[in-house]
Amino acid sequence: MEKQHQSELVIFTDLDGTLLDRVTYSYNKAITSVKHLLQKEIPVIFCSSKTRAEQEVYRRELGFFHPFIVENGGAIFIPEGYFQFKFDYNRIQDGYQMIELGIAYSEIRRILEQIRSDVKVDFRGFGDMSDREVAADTGLDLEAARRAKEREYAETLKLEGTPDEVSRTLGAIKEAGLNYVFGGRYYSIMGPNDKGRATKILINLFQRKLGHLKTVGIGDSPNDLPMLLAVDIPVLVQGPEGGWEEADIPHLRRVEGIGPEAWARAVEEIILVHDI
Ligand SMILES: [Mg+2]
């Protein structure tokens, strides 16, 4: 049978709990599939709550030199010249064309400090913690913890306490005009950005670069749902409790397994179905 005209595949992926193991941050179980994607030159776009500094390490290690979305859609970093046409961006920094969608970290911190004294709940953000404390809390090594603290558009909040304290804090955050989303371990506190808005902007740019696209999104947590809504093939891997995040998304594929193992399974199935 003659092969149908192929659309170009572009994969958007979450990192923590998806391409990376939730506990060890290892991608080892996905490495064969990563190599398949590199061979087939399929762009893989990181779309994570991680910072630019953190994502740059995984870009180098895995060999994905594509645009990437940081801090829950706070900004899109596009290697200069990646898109060979004119498009809108905010500034150029360190060889990236940056599209900024979030608000400045310092402003978010200022608002959170006000909220802390108003609601009298002792929540803590990465900005309140030393490198060592972040390392102990996340399981990252000290260097990685330092990179996790290099935040530009979103604060990572450790919000524990009684249900009432949690809901009062989250209510105050909303009232102050900020957004929050749960990423599986921490809350991300940010401006009007989310993963979906950033994903849509990049899909548009990729359409101009590659023509007809088939877009894939792979995630595990509530903060991934806007990204999954923006793509043609949304994929959820299982969360730490074994089940899938509740989501009302058309054509959602729920893949058995957690983390990089499930990520690899999803990628292999999609490559197979698309015969590329
Ligand atoms: Mg995740």
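Residues numbered from 1 in each chain as written. Predicted model: local features only at pLDDT ≥ 70, side-chain atom pairs only at ≥ 80, totals over all residues.

### Looking at unusual backbone geometry
Generally, phi is negative for residues other than glycine and the peptide bonds are trans, each holding for most cases.
And then number 1: Look at Asn72: it is not a glycine, yet its phi comes out positive at around 60°.
And then number 2: Take Asn72: it is sitting in the loop between β3 (68–70) and β4 (75–79). (Helix = DSSP H or I, 4+ residues; strand = E, 2+ residues; numbered from the N terminus.)

### What about the sheet that holds β3?
And then number 1: If you trace the four strands from one edge of the open sheet to the other, you get β3-β4-β6-β5, paired in antiparallel fashion. Of all the strands in the sheet, just β3 and β5 (91–93) have a single pairing partner and so form its edges. Averaged over neighbouring strand pairs, the angle between their axes works out to 30° when direction is ignored.
And then number 2: Of the strand pairs in this sheet, β5 and strand β6 (residues 96–100) are connected by three bridges, and their pairing is antiparallel. Of the residues in β6, the one forming a bridge with Ile92 is Gln97. (Pairing = 2+ DSSP bridges. Axes fitted to C-alpha atoms, helices over the stretch in contact; angles between N-to-C directions.)

### Considerations on the sheet that holds strand β10 (residues 187–190)
And then number 1: Read across the sheet, four strands follow the order β7-β8-β10-β9 without closing on themselves; strand pairing throughout is antiparallel. Pairing within the sheet leaves two strands with one partner each, and these edge strands are β7 (124–125) and β9 (179–182).
And then number 2: Along the sheet, helix α3 (residues 105–119) contacts β7, β8 (154–158) and β10; its crossing angle with β8, the most-contacted strand, is approximately 40°. (Contact = placed C-beta atoms within 7 Å.)

### Notes on the domain arrangement of the protein
And then number 1: Split into domains, the protein comes out as domain 1 (8–102 + 194–274) and domain 2 (105–190).
And then number 2: Look at where the C-alpha atoms of domain 1 and domain 2 centre, and you get two points 24 Å apart.
And then number 3: If one sorts the elements of the side of domain 1 that touches domain 2 by residue count, helix α2 (residues 52–62) sits on top with four residues.
And then number 4: Here the residues of the side of domain 1 that touches domain 2 are counted per class, giving six nonpolar, nine polar and seven charged. (Domains from an automatic or database assignment. Nonpolar A, V, L, I, M, F, W, Y, C, P; charged D, E, K, R; others polar.)

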